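So you can see what is in the structure, the chains are spelled out below.
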Amino acid sequence: MLFRSADERAAGSASTGPLDLSGFTVVVPGRGAGHRLLEILIDRTAAISRPLVPPRIVTLGALPESLYRPARPLADASTETLCWMAALAAATPADRDLVAPGLVEAEEAPAPGALLDAARGLGSLHRELAASALSISSVATLGEEAIPAFGDHARWEALSRVEEAYLAEIDGLGFWDRQTARRVAAERGEVDHDGRIVLLATVDVDPLQRRLLGGVRGRIDALVALPPGIGDDPERCFDDFGCIVTEAWEGRPLPVPLGKVVVVDDAEGEAEEVVSWIAGRPTLSPDEITVAVPDAALVPVLEQRFAERGLATRFAAGRPCTRSSPWQTLDAIFTWLRRREFRSEEH
């Protein structure tokens, strides 16, 4: 769709003028896909000797902030984590024990490392619930309504109090919690976007993102990679946002010959099969090879096997700082200081 629109604009405009795609917002599943898309667009316009005004390319996770205007600056991830830590540290011992059992052992105050781990866990829970347009404080009420014998009320009430303290910490710094800002924008109909949006292979649009997209005044196109030979009415396999409709795939033939499927026992076996397959095809250039993994935890295993074969790799998501040597060293030091032992399984 994007390339066809580019061709139409090229045919209908002056042959020496720029090819202007600035009216498009292209949503991609990850930064690697966005970089590759931009490369393709540059190559395509270079082939017809035209300057390019590229579209705005954003990841699905960053899309919401393209659709509304926050009333206040949004807190970054580090600020959010620190505010969760402050909220936990200020909580009563009873609430802390319900929210993060074992956080306080013999000490009167929780250890910084344990507090950080608990804060990250709460932040992850907060984000997951926000994706469904929920807050922690709403779960206790909804749980009692949906499950008559809901027995975890006390814990969710404690979580709710910690969440309130976290939001107060964010507010006191003059920021707004990102997840709350998104939910409020959806509830109040504050979406302000009238440009054209292209959802490119975004098969995991969460409920909150759907509500925000529903307020867009402009056109939304969803592009998916639909394999041939999957039966009648293939358009039923995806919804209006390009997400997979599970029921529509039941009973459909998948164009994957059984002879192409290799069964292995573990992650090491998976990595070995992938590396052997690629090593046996020396005519393929690196930019023709993409290895998709179902779990990011497999990436280090794959990278190690590739390195043993002398094959260079690049993780599209980038190397996280937690895997850098300085981080690993400091993590080992602080782990030893906290526990007086080494986590030999991780270092």
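Since the structure is predicted, the reported quantities are computational estimates derived from the model, not experimental observations.

S.K.: So what exactly am I meant to see when it comes to the nonpolar core here?
M.R.: The nonpolar side chains of a soluble globular protein tend to be buried, and buried together. Among the nonpolar cores identified, the biggest contains 24 residues, and Trp84, Leu88, Val99, Leu122, Trp156 and Val162 are the most heavily contacted of them. Elements that contribute at least two residues to this core include exactly α4 (77-90), α6 (112-131), α7 (136-146) and α8 (153-172). Of the residues forming this core, the biggest block, 6 residues, is contributed by α8.

S.K.: Would you mind showing me how to read the confidence of the model for the chain here?
M.R.: Atom-level detail of predicted coordinates should not be read off regions where pLDDT is low. Mean pLDDT for the chain: 84, with 89% of residues reaching 70 or above. In the model of the chain, helix α1 (residues 2-12) stands out as the element of lowest mean pLDDT, 54, in contrast to strand β4 (residues 56-59), which has the highest, 94.

S.K.: Would you take a moment to explain the packing of helix α12 (residues 267-279) against helix α13 (residues 299-308) for this structure?
M.R.: What describes two packed helices is the angle between their axes and the distance between those same axes. Two numbers describe how α12 lies on α13: the axes approach to 9 Å, and their chain directions differ by 45 degrees. The angle between the axes of α12 and α13 places the two elements in the oblique class. The handedness of the crossing between α12 and α13 comes out as right-handed. On the side of α12, the interface is formed by Ala267, Glu268, Ala271, Glu272, Val274, Val275 and Ile278, while α13 contributes Val301, Leu302, Arg305 and Phe306. Among the residues forming the contact of α12 with α13, the class breakdown is 8 nonpolar, no polar and 3 charged.

S.K.: Which parts of the structure should I look at to understand the sheet that holds strand β2 (residues 24-28)?
M.R.: Note: strands within a sheet are paired through backbone hydrogen bonds, in either parallel or antiparallel orientation. In space, the 4 strands of this open sheet follow the order β4-β2-β5-β6, with parallel pairing throughout. Of all the strands in the sheet, just β4 and β6 (220-223) have a single pairing partner and so form its edges. Averaged over neighbouring strand pairs, the angle between their axes works out to 20 degrees when direction is ignored. Of the strand pairs in this sheet, β2 and β4 are connected by 4 bridges, and their pairing is parallel. Counterpart to Val27 in the pairing with β4 is Val58.

S.K.: Just to check I follow, could you spell out the pairing of β2 for this structure?
M.R.: Along a regular strand, successive side chains alternate from one face of the sheet to the other. By the criterion of burial, β2 is predominantly enclosed, with 5 of the 5 residues buried. Burial of the side chains of β2 extends over both faces: Phe24, Val26 and Val28 are buried on one face and Thr25 and Val27 on the other. In this sheet, strand β5 (residues 196-200) lies alongside β2 in parallel orientation, the contact comprising 4 bridges. Along β5, the bridge assignment pairs Val26 with Val198.

S.K.: Explanation requested: α12 in the structure shown.
M.R.: Two residues of an α-helix separated by three or four positions point the same way, owing to the 3.6 residues in each turn. Its 13 residues give α12 an end-to-end C-alpha distance of 18 Å, which sits within 8% of 18 Å, the value for a rise of 1.5 Å per residue. Here α12 has its buried residues at Gly269, Ala271, Val275 and Ile278. In the core, the buried residues of α12 are packed alongside α13. Where α12 starts, the residue carrying a side-chain oxygen 3.3 Å from the main-chain nitrogen of Glu268 turns out to be Asp266.

S.K.: Whenever I open this one, the pairing of β5 confuses me. Can you help?
M.R.: Burial analysis of β5 places 4 of its 5 residues in the buried class, the great majority of the element. Where β5 meets β6, 4 bridges bridge the pair, whose relative direction is parallel. By the bridge assignment, Val198 is partnered in β6 with Asp221. Tracing the backbone out of β5, into helix α10 (residues 207-214) and back to the parallel element β6 gives a crossover that is right-handed.

The rules behind these values
Residues numbered from 1 in each chain as written. Predicted model: local features only at pLDDT ≥ 70, side-chain atom pairs only at ≥ 80, totals over all residues. Heavy atoms only, no water. Core = buried A, V, L, I, M, F, W, Y, C linked by side-chain atoms within 4.5 Å. Buried < 20%, exposed > 50% of the residue type's maximum accessible area, 1.4 Å probe, protein only. Helix = DSSP H or I, 4+ residues; strand = E, 2+ residues; numbered from the N terminus. pLDDT = per-residue confidence, 0-100. Axes fitted to C-alpha atoms, helices over the stretch in contact; angles between N-to-C directions. Parallel < 35°, antiparallel > 145°, perpendicular 65-115°, else oblique. Left-handed = near helix turned anticlockwise from the far one by under 90°. Contact = heavy atoms within 4.5 Å. Nonpolar A, V, L, I, M, F, W, Y, C, P; charged D, E, K, R; others polar. Pairing = 2+ DSSP bridges. Expected span 1.5 Å × (residues − 1). Polar contact = N/O pair within 3.5 Å; in protein donor to acceptor, adjacent residues only side chain to side chain. Right-handed = clockwise from strand over helix to strand, strands pointing away.

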